[in-house]
Amino acid sequence: MSDHIVHILPEQVASQIAAGEVVERPASAVKELVENSLDAGARSVSVEILGGGSALIAVADDGSGMTRADAILSLRRHATSKIRSAADLTAIRTLGFRGEALASIASVSHLRMQTRRAADDNGVELAAQAGNIEDTRTCAIAAGTRIEVRQLFFNTPARLKFLKTVATEQGAIAESFQRVALANHQIAFRLSADGRVVFDLPRANSVLERFRQVFGPKIATKMLAFDLDRPGIRAQGLAATSQESFATGRMLYTFVNGRAVRDRMLIRAVEQAYQTLIPRGRHPATILFIDMRPEDVDVNVHPMKTEVRFRNGGAVFDVVYHAIRDRLSDQTDSASVSTSAEPSMPPADDAAMGLITMSSKTTQDRADDRAPSMRSDSPLRLVPDAPIDKAFQRPLTLAYDRDARGGSPAAPIPATPIPMYSQLRVIGQIFAGYIALETEEGLLLIDQHAAHERVTFEKLRRELRDGGIRTQSMLAPVSVELNPARASQVHAAITEIRAMGFEVEPFGPTTLLLKGAPAVFGPEGGAKLLTDMIESMGDAGFRGGGESAFENWLKQLACHGSVRVGRVLEPAEIHSLLADLDRTEFKTNCPHGRPVHIQFARGQIERMFRR
Ligand SMILES: Nc1ncnc2c1ncn2[C@@H]1O[C@H](COP(=O)(O)OP(=O)(O)OP(=O)(O)O)[C@@H](O)[C@H]1O
Ligand SMILES: [Mg+2]
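Residue positions are counted from 1 within each chain, in the order its sequence is given. Chain letters and ligand numbers both follow the written order, the letters beginning at A and the numbers at 1. pLDDT decides what is reported in this predicted model: residues at 70 or higher carry local features, side-chain atom pairs at 80 or more are listed and counted, and totals for whole chains, interfaces and linings draw on all residues regardless.

**Quick notes on the overall build of the protein chain**
Here comes step 1: Note on conventions: DSSP H or I runs of at least 4 residues are helices, E runs of at least 2 residues are strands, and numbering of each starts at the N terminus. When helices and strands are tallied, the protein chain shows 19 helices and 24 strands.
Here comes step 2: Remark: C-beta atoms are placed from the backbone, and a residue is labelled buried if 20 or more other C-beta atoms sit within 10 Å of its own, exposed if 12 or fewer do, or partly exposed between those counts. Expressed as a percentage of the 611 residues in the protein chain, the buried residues total 44%.
Here comes step 3: The contacts of the protein chain with a sequence gap of at least 6 include a subset with a gap of at least 24, amounting to 70%. For the purpose of contact definition, each residue receives a C-beta atom placed from its backbone, and two residues are in contact when these atoms lie within 7 Å.

**Describing the packing of helix α13 (residues 448-465) against helix α18 (residues 571-582)**
Here comes step 1: Where α13 meets α18, the closest approach of the two axes is 9 Å, and the angle between their N-to-C directions is 50°. As far as their axial angle goes, α18 and α13 are oblique. Helix-helix and strand crossings are classified by hand; for α13 and α18 the assignment is left-handed. Between α13 and α18, the contacting residues are Q448, A451, H452 and V455 on the first element and L577, D580 and L581 on the second.
Here comes step 2: The nonpolar class holds Ala, Val, Leu, Ile, Met, Phe, Trp, Tyr, Cys and Pro. Asp, Glu, Lys and Arg form the charged class, and all remaining residues, Gly among them, are polar. In terms of residue class, the contact of α13 with α18 is made up of four nonpolar, two polar and one charged. Note on geometry: axes are lines fitted to C-alpha atoms, helical ones only across the stretch in contact, with angles between N-to-C directions running from 0 to 180 degrees. For this classification, under 35 degrees means roughly parallel, over 145 means roughly antiparallel, 65 to 115 means roughly perpendicular, and everything else is oblique. Helix crossings get a hand from a simple test, with the near helix turned counterclockwise from the far one by less than a right angle marking a left-handed crossing and a clockwise turn marking a right-handed one.

**Things to note about unusual backbone geometry**
Here comes step 1: You will see that Q151, though not glycine, has its phi angle at about 55°, which is positive.
Here comes step 2: Mapped onto the fold, Q151 is located in the loop between β8 (144-150) and α5 (157-162).
Here comes step 3: With a phi angle near 45°, A432 is a residue other than glycine that sits in the positive phi range.
Here comes step 4: With respect to the helices and strands, the residue A432 is situated in the loop between β18 (425-430) and β19 (434-439).

**Here's the deal with the packing of helix α2 (residues 26-39) against helix α6 (residues 166-183)**
When two helices pack together, their arrangement is given by the angle between the helix axes and the distance between those axes.
Here comes step 1: Where α2 contacts α6, the two axes come as close as 8 Å, and the packing angle between them is 25°. By the criterion of interaxial angle, the relationship of α2 to α6 is roughly parallel. Classified by chirality, the crossing of α6 by α2 is right-handed. The segment α2 lies against α6, with P26, A27, V30, K31 and V34 engaging E169, A172, I173, S176, F177 and V180.

**Focus: the nonpolar core**
Here comes step 1: When buried Ala, Val, Leu, Ile, Met, Phe, Trp, Tyr and Cys residues are joined through C-beta atoms within 7 Å, the set is termed a nonpolar core. Among the nonpolar cores identified, the biggest contains 91 residues, and L238, L288, I290 and V320 are the most heavily contacted of them.
Here comes step 2: Taken domain by domain, the makeup of this core includes at least three residues from each of domain 1 (7-202) and domain 2 (208-363).
Here comes step 3: In contact with L288, not counting residues within four places along its chain, are A235, G237, Y253, T254, F255, L266, V270 and V320.
Here comes step 4: By size, the runner-up hydrophobic cluster in this structure holds 26 residues, among which are I469, M533, W553 and A558. Boundary definitions for the domains trace back to an automatic or database domain assignment.

**Re the pairing of strand β15 (residues 286-292)**
Here comes step 1: Counting buried residues along β15, seven of its seven residues qualify, which places the element largely inside the surrounding structure.
Here comes step 2: Of the two faces of β15, the one lined by T286, L288, I290 and M292 and the one lined by I287, F289 and D291 are each fully buried.
Here comes step 3: By the convention used here, strands pair only if DSSP detects at least 2 bridges between them. In terms of strand pairing, strand β13 (residues 252-256) meets β15 through five bridges, oriented parallel. Bridging across to β15, T254 finds its partner in L288.

**Here we look at the sheet that holds strand β22 (residues 503-506)**
Here comes step 1: The three strands are arranged β21-β23-β22 in an open sheet whose pairing can be described as antiparallel. Bordering the open sheet on either side are β21 (471-481) and β22, each of which pairs with just one other strand. Neighbour to neighbour, the strand axes of the sheet diverge by 15° on average, direction disregarded.
Here comes step 2: With seven bridges joining them, β21 and strand β23 (residues 511-518) adopt antiparallel strand pairing. Pairing of T471 across the sheet is with P518, part of β23.
Here comes step 3: Those strands touched by helix α16 (residues 526-536) are β21 and β23, and its axis lies near 60° from that of β21.

**Section: the site of ligand 1**
Here comes step 1: Nearness between a residue and a molecule or strand is assessed with a C-beta atom placed from the backbone; a distance within 6 Å qualifies. Near ligand 1 there are 25 residues, and of these N36, A40, T80, G96 and A101 occur at the shortest range.
Here comes step 2: Those elements that provide at least two residues to the shell around ligand 1 are α2, β4 (79-80) and α4 (101-107).
Here comes step 3: Looking at the shell around ligand 1, the element that brings in the most residues is α2, giving four residues.
Here comes step 4: Residues of the shell around ligand 1, tallied by class, amount to eight nonpolar, eleven polar and six charged.

The values are spatial; any link to function lies outside them.
As structure tokens, this is what we get:
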């Protein structure tokens, strides 16, 4: 109806928007311009930079475009088409909402904008210096918008001085570009720097495919899809198998309603889901999408829009933790993605629950909003279709979204198989420490200690949950002599020692009488196990920081009680270990996070023989 969809926010609304530096470096300008393209419904966004963005940033899209009047208005402060009233601030459905980005960028650069709506015959071209429009003319361009920003910060020497090297600024641009690309797999992105193509990402039909485009096939095969939909909060995405871990948290991406955010609580939820699965101090690779009603999350907290405040952070933590933890608990089970998603999947035509779709649909539904579709309309699809291999259950084989409208499925991705160990042929034991198995794809070695450790740790945890660690009585009590220097400490810790499944009685000042030991390990090694535990006991006894401290002691117990490398196993012992392992959650890693198995691909072996 009206051409003027961009308007200036009333002062009373504008003053409620988190104020501060919007554009602090070239990467933030790129982020803002690309987000504008996405809000304009672009299907394809192309970014070109020169000199780390300081010399030139050009962003071109095929989105809605603007009228001449809107284009002129868009450079003014508090000019936006995305919200109208203060009430809109409580339920933001678009990436932009402040009406500040273009004004901020324009005020510190030479900006040229060309834009045309599909319905208009001509486009309009504006040129502005330090925010003042100096020239307006018609131009011929394809429908969409192209914005060129030259000499960023030319009139603010202080900020110019704080810019890092071209390489650093370019790196920051590439990283922020990556984040946007991951959150919008169905949109094509291109980034070139100083004439060289950095990313050329065609439209992908799943998050996994986009992940592979960005990070390469090797790590993509290690990603498991997860999806947990609880009332009001949905957590879905890709999480690396626990065989993978990284020195930094840089492979951890978190998005809330399509917006890349930094949030310590979310990071903690993800890292906690990997606890005991990857070594302490290492970090997982995870792409996490949280999808919730915009009313339940405040994005108007930080001038860069990278922080959020949840109305109910505890519930969000819970859903994220369980979404990932449950998926990691059995990494053989490729079906778990679709089973957890299924009950809540909307019918194909109305697949509007994907976070991206949710925003656009609702925006369109608002009667007073004549803005074009803010975001693209395809559902969030995590993984492409692929056939299921019978011998191996592969992670990522089932498509999260069974909707085949999007054309032919992508080529199957060869995922890293996590086998059912007990179904594989046992070759034997080597170095009295590793069980060698033949798989269809190669040779697999299992670390018997790591395997047994995980099995016993999970048994102990389960028993503890079910009322307490089970004790098995010894045939005859054994007396355990204590180091006199530590005896009083040991006596003080007797409750904890009993909680671990040891039936003990004080027997004089420096002796304990052991009558039973944790049933998981059998009674034989009880005395040795108790001595080992007492030796590893710290000054604070077995107490410490509550429940998780006790879990650490269970790890110790599992470690001391489990078969060591160096022990020859009977065939029957091997078989029962493998069967136990298959029944165990988190079987891929020992409780300290070391891998339980490693695999040598058949091809690798054949190549070594030059076959
Ligand atoms: N690439 C584009 N295509 C179409 N319209 C655009 C584009 N970029 C900006 N606009 C219009 O210009 C307005 C101002 O953009 P600007 O980025 O300054 O503010 P915003 O996106 O509304 O809020 P924010 O400051 O949070 O980004 C937008 O609301 C939108 O209507
Ligand atoms: Mg914007």
